[in-house]
Amino acid sequence: MRLQYAPNVRIVEMPCSGTIDHRVLLQTFEDGADGVFVAGCMEGDCHFLKGNFRAKKRVHQVKKILDEIGFGGDRLDFFNLSAAQGQRFAEIVKIMTDRVMELGPNPLNKSAKKEGGAA
Amino acid sequence: MIIAQQKPVKDVAAMISNCKKVLLVGCAGCVTVCLAGGEKETEVMASSLRIMRKMEDNPLETVTYTATRQCDPEYVDMLGNMVQDVDAIVSLACGVGVQYLAERFNDKWVVPALDTKFIGGSTVHGNWEEKCGLCGDCILHRTGGICPIIRCSKSILNGPCGGSQYGKCEISKDVDCAWQLIYDRMSALGKLDKLMEFQPPKDWSKSRDGGPRKAVREDVMID
Amino acid sequence: MKTESKLQKILDNGQFAVTAEIGPPKHSSAEGIRHHAEMMRDYVDATNITDNQTAIVRLSSIAAGVHVQSCGIEPIVQMTCRDRNRIAMQSDLLGAYSLGMRNVLCLSGDHQKFGNHPTSKNVYDIDSMQLIYYLRRMRDEKLFFSGEEIKEHEPRFFIGAVANPFADPFEFRVARLEKKVEAGAQFIQTQCIFDMERFERFMEMVRERGIHERVHILAGVTPMKSWRAAKYIQNNVSGMIVPDELVERLKNAEDPKREGVEICIEQIKYIKENIKGVHGVHVMAIAWEEVVPEIVERSGLYPRPKVD
Ligand code: SF4
């Protein structure tokens, strides 16, 4: 299966979405990412039982911080996705890239070109 | 342990708005356990402040460090060199830590990033409750191990008041009536007669009302 | 212990007492208080003056007591533990006595959370039980709360307390009442009674312990103006019980205000005739003081006994 998705997406692999750390998410934005999404396994499919739920909560916490400091939590999101859902992955990438296009570049990165990241 | 909570990042940012470089100091004691000012929270705070300031085109440089305890001079001393070239120190400890830093580095602008709330413990992960009123004269042996000084909204010693209903305090359906808890416990222990004894007023001079308190153990003093 | 209280004389004579309540205003004019006092004068033996009730700032209880007294009614000064430490309490009580007040009602006070100063600090230096105890000791042993001697002119109050049969834990309510009596309470006013059955059970336990022989219990009643008021109390006021039947009765009434008065009169008559150990009624017509004379008269409690 060959699917098209935006070329400006960088994938960071993690053993489990539950290992995502608030600091890493904030760091991606400091480093210039325009948008970030965390893809966790489908609910109920977590190998470690609750990793994906925890990831989701953490992402929401960081969204809150980003809103609070005026950066905007919309640049960050969480999706449930299984390894078999290539189609869905392409869809999500589109959702996020469209959203980021609308929001414009990372405000910390005034002159930089648009860029996306995924973890 | 001491339970604290982070102030809004904006409030902290406002305290250091004219600084170019700040040192954020976490504490590995209570505030690490209550997830308010440990290493991770300190870094998250630093990152949030940096993002905010960069957006304002007024970048902020941060240094982070987590002290073993901010309420002990020897650990505060270890900050030494880090302090020299910063414009301010942001403490992510309880109010004690903030004061220790301010005292030790008396020419530095020291600001609190946390609100120190109470002493208590966790019920489940992420939920903390106040348990002790720090009155300086413990009476838990008379109240079934439940502190009415702080857990009763009116600090009543001969409770419960007339607002107790269905196990809850008159101030909120989300607050247990401490005296209902005391009654239940004493009842289970077969000690209800104890609650018939008149409890005299507290000697508040042993509490905050005696002025700032001290505790001394001469036998452990060095020199 | 005898005091100069007229209320005490009536109660000690075994007469069925009637007290009412006057709520001071949220301003500095005593006109309304005096109006209510004059209206009630011949119909009640004494009136309570609430002390910043529900933690809303109002004209002070003691000052209002002076106005009430000058209109010819004996005041019962309410004193909550919420707003004063033991120094302020004693100072106010000495002052109150010097102004002619002879009755004090000791209570915890509503938490300030629901008042008009929710960000204030509450005091609760001592609780209502301790206030009762020390007030008695002040009179009987001539001692300040600290134990220091009062050399002369100790205040000699007739000491009242409250009991709430509708709060929890129910089994402990009678015990706590007894504790107050042992501390020094001489008369008790109960929380507003709407659930008569529960009050009867409460009084049964009171009689079992013989408490009614050691203290004068005045049953608290409140006329209600509308079913909405009843519903509000039912749902929002902690420590009160309003049975559904009462709400329904008000709802179905053609003239709910009239019905509220009728219900109150029925309650008083019922209590007086059927519940042993009750020595009087306390009519709390909240923001409806005008209705007190009618209630007293139609309950067969008029005229009031004369005391000299
Ligand atoms: S309801 Fe219970 S906890 Fe609340 S003030 Fe009264 S006695 Fe204290």
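Fair warning: this is a prediction, and the values are worked out from it, not measured in the lab.

Enquirer: Could you clarify how one ought to interpret the interface of chain C and chain B in this entry?
Expert: Put simply, an interface is often sized by how much accessible area is lost when its parts join up. On the side of chain B, 28 residues touch chain C, which itself brings 35 residues to the contact. Carbon and sulfur atoms make up 52% of the surface buried where chain C meets chain B, a total of about 2,700 Å² over both sides. Taken as a group, D168, F172 and K179 of chain C account for 21% of the area that chain C buries against chain B, more than any other trio of residues on that side. Applying the counting rule to chain C against chain B returns zero salt bridges. For the side of chain C that touches chain B, the secondary-structure elements that each account for two or more residues are helix 5 (128-140) and helix 6 (170-183) of chain C. Among the elements that make up the side of chain C that touches chain B, the one with the highest residue count is helix 6 of chain C (seven residues).

Enquirer: Just checking my understanding: could you explain the arrangement of the chains for this structure?
Expert: Between chains B and C lies the most contact-rich interface of the two pairs of chains that touch. No interface is formed between chain A and chain C, the nearest pair of C-alpha atoms being 26 Å apart.

Enquirer: Please explain the domain arrangement of chain B as it appears in this structure.
Expert: For chain B, the domain assignment lists domain 1 (2-118) and domain 2 (132-208). Taking only C-alpha atoms, the centre of domain 1 of chain B and the centre of domain 2 of chain B are 37 Å apart.

Enquirer: For this particular structure, what's the right way to read the site of the ligand?
Expert: Residues in close proximity to the ligand include C152, S153, K154, P160, C161, G163, S164, C169, E170, C177, A178 and W179 of chain B, which together make up its full environment. Broken down by class, the residue content of the shell around the ligand amounts to seven nonpolar, three polar and two charged.

Enquirer: Looking at this structure, how should I read the nonpolar core?
Expert: Soluble, globular proteins show a tendency: their nonpolar side chains are buried together. Counting 77 residues, the largest nonpolar core has L131, F157, L177, F199 and F202 of chain C as the members making the most contacts within it. Setting aside anything within four residues of it in sequence, one finds F199 of chain C in contact with P165, F166, T190, I193, A219, I275 and V278 of chain C. Listed in part, the 45 residues of the second largest apolar core include A33 of chain A together with A36, A46 and L92 of chain B.

Enquirer: Could you clarify how one ought to interpret the state of the cysteines in this entry?
Expert: Considering all chains together, one arrives at zero disulfides over all chains under this definition. Of all cysteine sulfurs, the one in C71 of chain B lies closest to C27 of chain B, which takes part in no disulfide; the gap is 6.1 Å.

Enquirer: Would you take a moment to explain the sheet that holds strand 3 (residues 61-67) of chain B for this structure?
Expert: Pairing between the strands of a sheet is mediated by backbone hydrogen bonds and can be parallel or antiparallel. Residues and elements named next belong to chain B. Strand order in the open sheet formed by four strands is 3-2-4-5, and the pairing between neighbours is parallel. One side of each edge strand has no neighbouring strand; the edge strands of this open sheet are strand 3 and strand 5 (109-112). Here the average twist between neighbouring strands, direction ignored, is 25°. Pairing between strand 2 (residues 21-27) and strand 3: seven bridges, direction parallel. When the bridges of strand 3 are listed, L24 appears paired with T64.

Here is what the cut-offs are and how they apply
- Residues numbered from 1 in each chain as written.
- Chains lettered and ligands numbered in written order.
- Predicted model: local features only at pLDDT ≥ 70, side-chain atom pairs only at ≥ 80, totals over all residues.
- Heavy atoms only, no water.
- Contact = heavy atoms within 4.5 Å.
- Buried area = accessible area lost by both parts, 1.4 Å probe.
- Salt bridge = Lys/Arg side-chain N within 4 Å of Asp/Glu carboxyl O.
- Helix = DSSP H or I, 4+ residues; strand = E, 2+ residues; numbered from the N terminus.
- Domains from an automatic or database assignment.
- Near = heavy atom within 4 Å.
- Nonpolar A, V, L, I, M, F, W, Y, C, P; charged D, E, K, R; others polar.
- Core = buried A, V, L, I, M, F, W, Y, C linked by side-chain atoms within 4.5 Å.
- Buried < 20%, exposed > 50% of the residue type's maximum accessible area, 1.4 Å probe, protein only.
- Disulfide = S-S within 2.5 Å.
- Pairing = 2+ DSSP bridges.
- Axes fitted to C-alpha atoms, helices over the stretch in contact; angles between N-to-C directions.

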